[in-house]
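Spelled out, the chains give:
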Amino acid sequence: MVSETFINLSDEKKQKIEGALLKEFSTYPLAKAQVARIVKDAGIARGAFYKYFGDLKDSYIYLYSLAMKDVHMGPPARLREFDPEAFYKMTVNFINQTENSIYFDLIKLHLSQNQAFLGDDKKQKDAFLNLDSQVWAAMVLTHEAIDLALFDKKNKEKILKRYHESLCLLQRK
């Protein structure tokens, strides 16, 4: 959890720490990340790091939430009803924003390694299981399309075309 002490830091100091976190978590998976490199790069004491964040995982979750707000341009959209065009547009926007974001390497590492390392979020999993079956299927397709498109830029357009076709098939239920 991020402390009030960190939240109340000057913007300049906060940005320096966030920059050090971004450098570390964009270079190393969470399992290999080190507080020592972060504090050295940020120019803060190790004790200050633990005053700001409970642990390395908390600092990662904080930074990843900043990345998601940035690429989603605000809080992520929550589609509760099935609308293939809305899903498609949201996904293409997310992929394009991610590719042009300072968080691109962080997000790729998250998808390839850190997501599994963090484990299941029970609250998110429960919400996912309570979705309408079309929305659930679209969400699964969306996450797979994002993974594929971000890791295979050469075939991005083919992947997005297949994704769109698959969403349209779901509509024919």
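Per an unreviewed UniProt entry, the recorded name for the chain is TetR family transcriptional regulator, and the organism is Lactobacillus johnsonii N6.2.

From N to C terminus, the chain includes 10 helices and zero strands. Each helix and strand of the chain, placed in order from N terminus to C terminus, yields the pattern α-α-α-α-α-α-α-α-α-α. The contacts of the chain with a sequence gap of at least 6 include a subset with a gap of at least 24, amounting to 70%. By element, 53% of the accessible surface of the chain is carried by carbon and sulfur atoms, the whole surface being about 10,600 Å².

To continue, consider a negative patch on the surface. Taken together, the side chains of Glu-81, Asp-83, Glu-85 and Asp-132 make up a negatively charged region of the molecular surface. Mapped onto the secondary structure, Glu-81 falls in the loop between helix H5 (56-71) and helix H6 (84-99).

Let us now look at the side chain of Asn-114. The topology assignment puts Asn-114 in helix H7 (residues 104-118). We classify Asn-114 as buried; its relative accessible area is 0%. A polar contact of 3.2 Å, which involves the side chain of Asn-114, links it to the side chain of Tyr-60. For Asn-114, the residues in contact, after removing those within four places along its chain, are Pro-29, Leu-30, Tyr-60 and Leu-109.

Along the chain, Lys-40 turns up in helix H3 (residues 35-42). You can call Lys-40 exposed: its relative accessible area is 73%. For the pair Lys-40 and Ala-20, spaced 20 residues apart in sequence, the C-alpha to C-alpha distance is 8.5 Å.

Structurally, Thr-91 can be placed in helix H6. On the basis of relative accessible area, Thr-91 is assigned to the buried category, the value being 1%. Residue contacts for Thr-91: discarding those within four places in its chain leaves Thr-142, Ile-146 and Tyr-163.

This part takes up the UniProt feature "DNA-binding region" (unreviewed entry) in the chain. In this numbering, the UniProt entry assigns the feature "DNA-binding region" (unreviewed entry) to residues 34-53. Within the segment residues 34-53, helix and strand shares are 75% and 0% respectively, and the terminal C-alpha atoms sit 14 Å apart.

What counts and how
Residues numbered from 1 in each chain as written. Predicted model: local features only at pLDDT ≥ 70, side-chain atom pairs only at ≥ 80, totals over all residues. Heavy atoms only, no water. Helix = DSSP H or I, 4+ residues; strand = E, 2+ residues; numbered from the N terminus. Contact = heavy atoms within 4.5 Å. Areas by Shrake-Rupley, 256 points an atom, 1.4 Å probe, with all protein chains shown as cover. Patch = residues over 30% accessible without salt bridge, like charges linked within 9 Å, V, L, I, M, F, W, Y side chains within 5 Å. Salt bridge = Lys/Arg side-chain N within 4 Å of Asp/Glu carboxyl O. Lys, Arg positive; Asp, Glu negative; His and termini not counted. Charge placed at Lys NZ, Arg CZ, Asp CG, Glu CD. Buried < 20%, exposed > 50% of the residue type's maximum accessible area, 1.4 Å probe, protein only. Polar contact = N/O pair within 3.5 Å; in protein donor to acceptor, adjacent residues only side chain to side chain. UniProt positions renumbered as here; feature names shortened; annotations may be inferred.

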